[in-house]
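Each chain, written out:
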Amino acid sequence: MTCLPSNPTPKKLGLVIDLDVCVGCHACVVSCKEWNTGGYGAALSDQDPYGADVSGTFLNRIHSFEVLPEGGEVAAERGEARLIHFPKSCLHCEDAPCVTVCPTGASYKRADDGIVLVDEDMCIGCGLCAWACPYGAREMDLAAGVMKKCTLCIDRIYNETIEEVDRVPSCVRTCPTNARHFGDLADPNSAVSIMVAERGGMDLMPEQGTKPVNKYLPPRPRLPLAAAAAGREDTSGATGFFAWLDGMLDRI
């Protein structure tokens, strides 16, 4: 079996995902698929993509959940329900069970930055790592016969031939609502660490004891629709473009 780094990694590169502003547009999913299909390693395959039994390999997926208001048993029973979009990929855990269960050493955790990777040349496709991951973050590529997972776009974040602004994971660069953030969570002064501290960032399923590096920022409380409507500003004095815009918004 494979061993984890003997000492804590000096860096903990990972993602911070803001569930308050994610709109479930799947831009991150598409961007991830495109970058990793054209980047390092084999392409992420699809099976029967235009048929009735379509399947494919994705390193990042979004799940959407309807959250019921407190005291309600069905949607809209006691106030407005809320839709939460939940992106999920590898969390690059400090105590990664997918690494220690690997019989060939294909799954490993980098000692310098904590990124969990798969050496596709050593992977035999046994699937033990997928069974060990409590988050379901690994996917078997049926065409390649090896396990695939999020790499934090390692071929991108250290690539000095591209602009510095682009040296972040593809999903982070493409997110239109700024719901995804990348940085060093071992540095308490990094932007992502400050964000986690200020917003009460959470681990996913902390009871599993895997110590995930990636964090989730919880959704902020919402005003009921009636209260929000009652607090609308008076725009009756608007002129020009703003008057036109106000009129158009009233029709929605």
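This one's a predicted model, so the numbers in the text were calculated from it and none came from an experiment.

Trainee: Would you mind going over the overall build of the protein chain in detail, with residue names and values included?
Mentor: Within the protein chain, the secondary structure is distributed over 8 helices and 11 strands. Considering the protein chain as a whole, with its 252 residues, one finds that 39% of them fall into the buried category. Accessible area for the protein chain stands at about 14,100 Å²; split by element, carbon and sulfur atoms hold 56% of it.

Trainee: Give me the pairing of strand β5 (residues 82-88): which residues, what numbers.
Mentor: For β5, the buried fraction is high: 5 of the 7 residues fall into the buried class. Taken together, the 7 bridges between strand β4 (residues 61-67) and β5 define a ladder with antiparallel strand orientation. For His63, the partnering residue across the bridge sits in β5 and is Phe86.

Trainee: Report on the environment of Pro219, specifying residues and quantitative values.
Mentor: With respect to the helices, strands and loops of the structure, Pro219 is situated in the loop between β11 (215-217) and α7 (225-230). Among the residues examined, Pro219 registers a relative accessible area of 30% and is labelled partly exposed. The spatial distance from the C-alpha of Pro219 to the C-alpha of Val21 is 7.8 Å, given a sequence separation of 198 residues. When near neighbours in sequence (up to four residues on either side) are disregarded, Pro219 contacts Leu19, Asp20, Arg82 and Ile84.

Trainee: How would you explain the nonpolar core if you had to name every residue and give the values?
Mentor: Counting 36 residues, the largest nonpolar core has Ile115, Tyr135 and Tyr216 as its most contacted members. Counting residues per element, the ones that place at least two in this core are β1 (13-18), α1 (27-38), α2 (97-100), β7 (116-118), β9 (146-148), α4 (154-157) and α5 (170-174). Leaving out residues up to four positions away in the same chain, Tyr135 has contacts with Lys88, Leu91, Cys93, Leu204, Met205, Gln208, Thr210 and Pro212. With 7 residues, the next largest nonpolar core counts Val192, Met195, Val196 and Leu217 among its residues.

Trainee: Lay out the layout of surface pockets with the relevant residues and their values.
Mentor: Over the atoms, a rolling probe the size of a water molecule traces out where space has been left empty. Taken as a whole, the second largest pocket holds about 170 Å³ of empty space. In this structure, the second largest pocket is lined by Lys11, Leu13, Ile157, Tyr158, Glu164, Arg167 and Phe182. Class assignment for the residues of the lining of the second largest pocket results in 4 nonpolar, no polar and 3 charged.

Conventions adopted
Residues numbered from 1 in each chain as written. Predicted model: local features only at pLDDT ≥ 70, side-chain atom pairs only at ≥ 80, totals over all residues. Heavy atoms only, no water. Helix = DSSP H or I, 4+ residues; strand = E, 2+ residues; numbered from the N terminus. Buried < 20%, exposed > 50% of the residue type's maximum accessible area, 1.4 Å probe, protein only. Areas by Shrake-Rupley, 256 points an atom, 1.4 Å probe, with all protein chains shown as cover. Pairing = 2+ DSSP bridges. Contact = heavy atoms within 4.5 Å. Core = buried A, V, L, I, M, F, W, Y, C linked by side-chain atoms within 4.5 Å. 1 Å grid on protein atoms, 1.4 Å probe; cavity = no way out; pocket = protein on both sides within 12 Å on 5 of 7 lines; lining within 4 Å. Points joined across faces, edges and corners; volume = space filled by probe spheres on them. Nonpolar A, V, L, I, M, F, W, Y, C, P; charged D, E, K, R; others polar.

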